[in-house]
Amino acid sequence: MALGDFGQFPVVFLSSFPGSGNTWARQVLEDTTGFYTGSVYYEMEMTRNGLKGEMEHTRSGRTIAVKNHGQKEYESAEGKG
């Protein structure tokens, strides 16, 4: 698995309801593409569990998709990273 170069990928949100399989979908995306996915939540536990793009800034363009559960969460995470 790898992170892309800065700006390599457009910001694509993987939006879903909590508990609907977003983490599973991220794992499938990573396994099939070889690139990491990110998240607006920056959860260290997800990083420890293998989702290495979790701590990457939302708008870095280094991940192929970014987990979120709605626009409100994205707005609160814009300044992170």
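As a reminder, the structure under discussion sits directly above these lines.
Residues numbered from 1 in each chain as written. Predicted model: local features only at pLDDT ≥ 70, side-chain atom pairs only at ≥ 80, totals over all residues. Heavy atoms only, no water.

Focus: the environment of tyrosine 41
At step 1: Relative to the helices and strands, tyrosine 41 is located in the loop between strand S2 (38–39) and helix H2 (44–48).
At step 2: For tyrosine 41, a relative accessible area of 23% corresponds to the partly exposed category.
At step 3: Between the C-alpha atom of tyrosine 41 and that of valine 66, which follows or precedes it by 25 residues, the distance is 9.6 Å. (Helix = DSSP H or I, 4+ residues; strand = E, 2+ residues; numbered from the N terminus. Buried < 20%, exposed > 50% of the residue type's maximum accessible area, 1.4 Å probe, protein only.)

Focus: the sheet that holds strand S1 (residues 13–15)
At step 1: Pairing within the open sheet is parallel, and its three strands lie in the order S1-S3-S2. Only two strands of the sheet have a single partner each, and these edge strands are S1 and S2.
At step 2: The pairing of S1 with strand S3 (residues 66–68) spans three bridges and is classified as parallel. Residue pairing in the sheet places serine 15 in a bridge with asparagine 68 of S3.
At step 3: Sheet contacts for helix H1 (residues 22–33): S1, S2 and S3; angle to S1, the most-contacted strand, approximately 145 degrees. (Pairing = 2+ DSSP bridges. Contact = heavy atoms within 4.5 Å. Axes fitted to C-alpha atoms, helices over the stretch in contact; angles between N-to-C directions.)

Quick look at the environment of leucine 51
At step 1: Examined against the element boundaries, leucine 51 turns out to sit in the loop between H2 and S3.
At step 2: Sequence separation of leucine 51 and glycine 38 is 13 residues, and the distance between their C-alpha atoms is 7.8 Å.
At step 3: Once residues lying within four places of it in the same chain are set aside, the contact partners of leucine 51 are Thr23, Arg26, Gln27, Glu30, Thr37 and Met46.

A word on the pattern of salt bridges
At step 1: If you walk through the whole model with that rule in mind, you get four salt bridges.
At step 2: Here glutamate 54 makes a salt bridge to arginine 26, at a shortest N to O gap of 2.8 Å. Pair noted here: glutamate 54 is in the loop between H2 and S3 and arginine 26 is in helix H1, with a separation of 28 residues, a long-range link. A single burial state applies to glutamate 54 and to arginine 26, both of which are buried.
At step 3: Close ionic contact of glutamate 56 with arginine 62 constitutes a salt bridge, the shortest N to O distance being 3.6 Å. (Salt bridge = Lys/Arg side-chain N within 4 Å of Asp/Glu carboxyl O.)

Considering the packing of aromatic side chains
At step 1: Applying the stated criterion to the full structure yields one aromatic pair.
At step 2: The side chain of arginine 62 reaches across the aromatic face of phenylalanine 6, ending 4.5 Å from its centre. (Phe/Tyr/Trp six-rings, centres within 6.5 Å; stacked < 30°, edge-to-face > 60°. Lys NZ or Arg CZ within 6 Å of the ring centre and 35° of its normal.)

Some remarks on the environment of leucine 29
At step 1: Relative to the assigned elements, leucine 29 resides in helix H1.
At step 2: Note on leucine 29: relative accessible area 29%, which makes it partly exposed.
At step 3: Here the alpha-carbon distance between leucine 29 and alanine 65, two residues 36 residues apart in the chain, equals 8.5 Å.

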